[in-house]
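For reference, the chains in residue letters:
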Amino acid sequence: MVNKEQRVGVFVDVQNMYYSARALHNSKVNFKNILKDAVMGRKLVRAIAYAIKAKEKDEALFHKALSAIGFEVKLKDLLIFYGGNKKADWDIGIAMDMIELAPKLDVAILVSGDGDFIPLAEHLK
């Protein structure tokens, strides 16, 4: 049973979901369905998609598509270190947004496969 009066925030770790779906299932993520299923007819306060600017083909179109389905898209540049190591880390940004928005939400939904967020989830309970 879902309380339609609940205020919901949805926070999506785009890169984590995108690359996990591709590597583990050889498929794509349907971000529109993720948002719909997360909200379930409740009052959406904020939906934020955290993504990386990696200068990939059609990347800008992908970010526009996320925006068109209702996400506020936050972007960071991909960091490339000497030796070729890459870092695309939104963990602190996601955590800060969730903590700051928590007083305005009844339900906070984090969509990520990153276990580093477990302490955040425990804190927000």
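Quick caveat: nothing in here was measured; it's all calculated off a predicted structure. (Residues numbered from 1 in each chain as written. Predicted model: local features only at pLDDT ≥ 70, side-chain atom pairs only at ≥ 80, totals over all residues. Heavy atoms only, no water.)

*Asks:* Looking at this structure, how should I read the packing of aromatic side chains?
*Replies:* One pair of aromatic rings is described through two measures. These are the centre distance and the angle between the planes. Evaluation of the coordinates by the stated rule reveals three aromatic pairs. Judged by centre distance (6.3 Å) and plane angle (55°), the ring pair of Y18 and F62 falls under tilted. With Y18 in helix α1 (residues 14-25) and F62 in helix α3 (residues 59-68), this pair connects stretches of sequence that are 44 residues apart. Here Y18 falls in the partly exposed class, since its relative accessible area comes to 29%. Judged by relative accessible area, which is 27%, F62 ranks as partly exposed. Among the aromatic side chains, those forming a connected cluster through ring pairs are Y18, F31 and F62. Above the face of the W90 ring, K76 is positioned so that its terminal group lies 4.7 Å from the ring centre. (Phe/Tyr/Trp six-rings, centres within 6.5 Å; stacked < 30°, edge-to-face > 60°. Helix = DSSP H or I, 4+ residues; strand = E, 2+ residues; numbered from the N terminus. Buried < 20%, exposed > 50% of the residue type's maximum accessible area, 1.4 Å probe, protein only. Lys NZ or Arg CZ within 6 Å of the ring centre and 35° of its normal.)

*Asks:* Teacher, can you tell me more about the pattern of salt bridges here?
*Replies:* Side chains that differ in charge, positive against negative, can pair when their charged atoms come close. Applying the stated criterion across every chain, the model contains six salt bridges. Across the pair R7 and D106 runs a salt bridge, and its minimum N-O distance is 3.1 Å. One end of the pair, R7, is in strand β1 (residues 7-13); the other, D106, is in the loop between α4 (91-101) and β6 (107-111), with 99 residues separating them in the sequence. Here E72 and R46 are joined by a salt bridge, their closest N and O atoms 2.8 Å apart. Residue E72 is found in strand β3 (residues 72-77), and its partner R46 is found in strand β2 (residues 43-53); the two are separated by 26 residues along the sequence. Residue E72 is classed as partly exposed on the basis of its relative accessible area of 30%. Relative accessible area serves as the criterion here: at 27%, R46 is assigned to the partly exposed category. (Salt bridge = Lys/Arg side-chain N within 4 Å of Asp/Glu carboxyl O.)

Note that all results are geometric; they support no functional claim without further evidence.
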